[in-house]
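As a plain string of letters, each chain reads:
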Amino acid sequence: MLDRNFYEALSRLRLQMSHKSSLNMSGNRKSIQKGLSAEFSDFREYMPGDDLRRMDWNVYARLDKLYIREYMEEKEAVVSVLIDTSASMDYGVHSKAELARDLAAVVSFLALGNMDRLWLYDMKDMGRGLSVRGGRSGFSKVLHWLEKRTFNGQVDMLAAARKMPCHGPGVTVLISDFLHPGMVDGTSPDYEKLLQYLRYCRQRPVVLHTMAPEELHVTLEGALNLIDAESQSKLRLTVDARAIDDYERALKGLTDRMKKGCSAGCGTGCSAGGGTYVLCDAGRDRRQLVFGDLRVIYDI
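Residues numbered from 1 in each chain as written. Predicted model: local features only at pLDDT ≥ 70, side-chain atom pairs only at ≥ 80, totals over all residues. Heavy atoms only, no water.

**Q** I'm lost on the sheet that holds strand β5 (residues 117-122) in this one. Help?
**A** In spatial order, the strands read β6-β5-β4-β7-β8-β11; together these 6 strands make up an open sheet with mixed pairing. One side of each edge strand has no neighbouring strand; the edge strands of this open sheet are β6 (130-132) and β11 (276-281). Within this sheet the neighbouring strands show an average axis-to-axis angle of 15°, counted without direction. As paired strands, strand β4 (residues 78-83) and β5 are joined by 6 bridges and run parallel to one another. When the sheet's bridge partners are listed, I83 is paired in β5 with D122. (Pairing = 2+ DSSP bridges. Helix = DSSP H or I, 4+ residues; strand = E, 2+ residues; numbered from the N terminus. Axes fitted to C-alpha atoms, helices over the stretch in contact; angles between N-to-C directions.)

**Q** Sorry, what's going on with the pattern of salt bridges here?
**A** Two side chains of opposite charge can pair, provided their charged atoms sit close to one another. The tally for this structure, following the rule as stated, stands at 11 salt bridges. Note that E8 is salt-bridged to R4, the shortest N-O span being 3.5 Å. Residue E8 and its partner R4 are both found in helix α1 (residues 4-10); the two are separated by 4 residues, about one turn of the helix. Look at E8 and you get partly exposed, because its relative accessible area is 43%. Put simply, D122 and R149 hold a salt bridge, and the shortest N to O gap is 3.1 Å. Of this pair, D122 sits in strand β5 while R149 is found in the loop between α4 (139-147) and α5 (157-162), placing the two residues 27 residues apart along the sequence. This pair shows no difference in class: D122 is buried, exactly as R149 is. What you see here is one network of salt bridges that share partners, running through K96, D177 and E215. (Salt bridge = Lys/Arg side-chain N within 4 Å of Asp/Glu carboxyl O. Buried < 20%, exposed > 50% of the residue type's maximum accessible area, 1.4 Å probe, protein only.)

**Q** Sorry if this is basic, but what is going on with the pairing of β4 here?
**A** Remark: a regular strand shows side chains that alternate across the two faces of the sheet. With 6 of 6 residues buried, β4 lies mostly within the body of the structure. The alternating pattern of β4 places V78, S80 and L82 on one face and V79, V81 and I83 on the opposite face, and all of these are buried. This β-α-β element, β4 to helix α3 (residues 96-113) to β5, shows right-handed connectivity. In terms of strand pairing, β4 meets strand β7 (residues 170-176) through 6 bridges, oriented parallel. Residue pairing across strands places S80 opposite T172, the latter belonging to β7. (Right-handed = clockwise from strand over helix to strand, strands pointing away.)

**Q** Looking at this structure, how should I read the packing of aromatic side chains?
**A** In this description, a pair of aromatic rings is defined by centroid distance and the angle of the planes. Counted by the stated rule, this structure contains 7 aromatic pairs. Summarising the aromatic geometry, the rings of F178 and Y191 are spaced 5.8 Å apart at their centres and angled 85° between planes, so their arrangement reads as edge-to-face. With F178 in the loop between β7 and α6 (190-200) and Y191 in helix α6, this pair connects stretches of sequence that are 13 residues apart. For F178, a relative accessible area of 0% translates into the label buried. For Y191, a relative accessible area of 0% translates into the label buried. One aromatic cluster in this structure is built from F6, Y7, F109, F139 and F291. The aromatic ring of W145 is capped on one face by R149, whose charged end is 4.0 Å from the ring centroid. (Phe/Tyr/Trp six-rings, centres within 6.5 Å; stacked < 30°, edge-to-face > 60°. Lys NZ or Arg CZ within 6 Å of the ring centre and 35° of its normal.)

**Q** Could you clarify how one ought to interpret the nonpolar core in this entry?
**A** Proteins that are soluble and globular tend to have nonpolar side chains buried together. Within the largest apolar cluster, 44 residues are counted, with the highest numbers of intra-cluster contacts made by L10, V81, L118, L208, L294 and Y298. Each residue touching Y298, except ones within four places of it in the same chain, is listed here: L10, L13, R14, L15, Q16, V106, L110 and V290. One finds L82, V155, M183 and V207 within the second-largest nonpolar core, a separate group that totals 26 residues. (Core = buried A, V, L, I, M, F, W, Y, C linked by side-chain atoms within 4.5 Å. Contact = heavy atoms within 4.5 Å.)

**Q** Hey, could you run me through helix α8 (residues 241-262) in this one?
**A** An α-helical turn contains 3.6 residues, so a residue and the one three or four places further along point in the same direction. Over its 22 residues, α8 runs 32 Å from end to end, which matches the ideal 32 Å to within 8%, given 1.5 Å per residue. Taken residue by residue, α8 has I244, L251, L254, T255, R257, M258, G261 and C262 as its buried positions. Buried residues of α8, viewed axially, fall in a sector of 160°; they line one side. Set apart from the buried face of α8 by more than 90 degrees, the exposed residues are A241, R242, R249, K252, K259 and K260. Where the residues of α8 are buried, they touch α6, β8 (203-211), α7 (213-216), β10 (234-239) and β11. (Expected span 1.5 Å × (residues − 1). Arc of directions from axis to C-beta.)

**Q** Mind showing me how you'd approach a nonpolar patch on the surface here?
**A** Among the surface-exposed residues, W57, Y60 and L66 lie close enough to one another that they form a single nonpolar patch of about 290 Å² accessible area. Locating Y60 in the fold gives a position in helix α2 (residues 57-63). (Patch = residues over 30% accessible without salt bridge, like charges linked within 9 Å, V, L, I, M, F, W, Y side chains within 5 Å. Areas by Shrake-Rupley, 256 points an atom, 1.4 Å probe, with all protein chains shown as cover.)

**Q** What's the story with the environment of A159 in this structure? I'm lost.
**A** Topologically, A159 is positioned in helix α5. Expressed as a C-alpha distance, the spacing of A159 and M123, which sit 36 residues apart in the sequence, is 9.0 Å.

None of this, on its own, says anything about what the molecule does.
See the structure below:
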């Protein structure tokens with residue numbers, strides 16, 4: 001896991017949130033409701049029973065009409081984190097599973113630091129998500145939950161996402177290598193369906209695509225017997241320069257497709273409905289990854 005100095009530096013950041021919150025608990029996010037925060041929202045005409053302390057006497061002096069100043073209510077938002085705990089994640093000298101834990105811890109720390117409501121889900125067991133609120137005092141629960149995750153078996157990512165309750169507008173973070181049937185196959189729309197479902201639930205998708213260095217830069221060569229970590233199916237393959245070129249083209253096609261799908265409907269700066277895609281190298285220095293590559297998911 002990450003050290004104390006790392007989290008101290010992280011405390012200056014917060015997650016982007018394209019939707020205004022509609023929840024009832026107080027927090028630090030702008031709400032669709034009007035309230036008593038320090039941030040001005042709008043004027044409206046005075047009505048009997050309004051608090052006279054919110055009267056704008058300067059406007060009255062100019063217009064000879066009574067107007068009330070309204071302020072933005074601050075509520076908590078919802079941040080959901082879905083972690084792929086399938087067997088393919090437990091791979092690499094620099095493990096994708098350990099990277100997934102670190103990324104989930106980073107997102108959770110940011111959410112709790114901003115008084116958002118946090119939901120953590122293991123994609124193999126969507127019925128038992130962890131809900132944490134109340135600020136960073138609950139971060140120890142997050143770390144304990146992450147340490148208990150086991151990476152084995154198979155995951156149906158689309159089916160898992162559809163089991164996630166819709167808690168209101170917010171951000172959903174997907175942490176996975178996406179090495180699943182229907183996700184890597186360009187002829188299958190499962191990845192696009194996954195994003196469409198999240199947008200239907202008024203979620204801004206953040207896709208953290210975890211890959212091992214060995215998957216990003218293939219150095220193997222010769223005749224190899226490849227075994228699928230999840231299905232145990234076998235494939236005999238001769239790896240040469242041509243095969244590596246074909247693999248790299250396919251990988252670029254996959255990442256381009258994922259990035260395009262995630263940002264669909266997102267103009268300059270991600271509007272509601274758009275999202276963010278980040279390719280995360282498990283071998284990359286954590287500080288460079290979190291404070292460099294992941295800057296696109298933060299409000300600085």
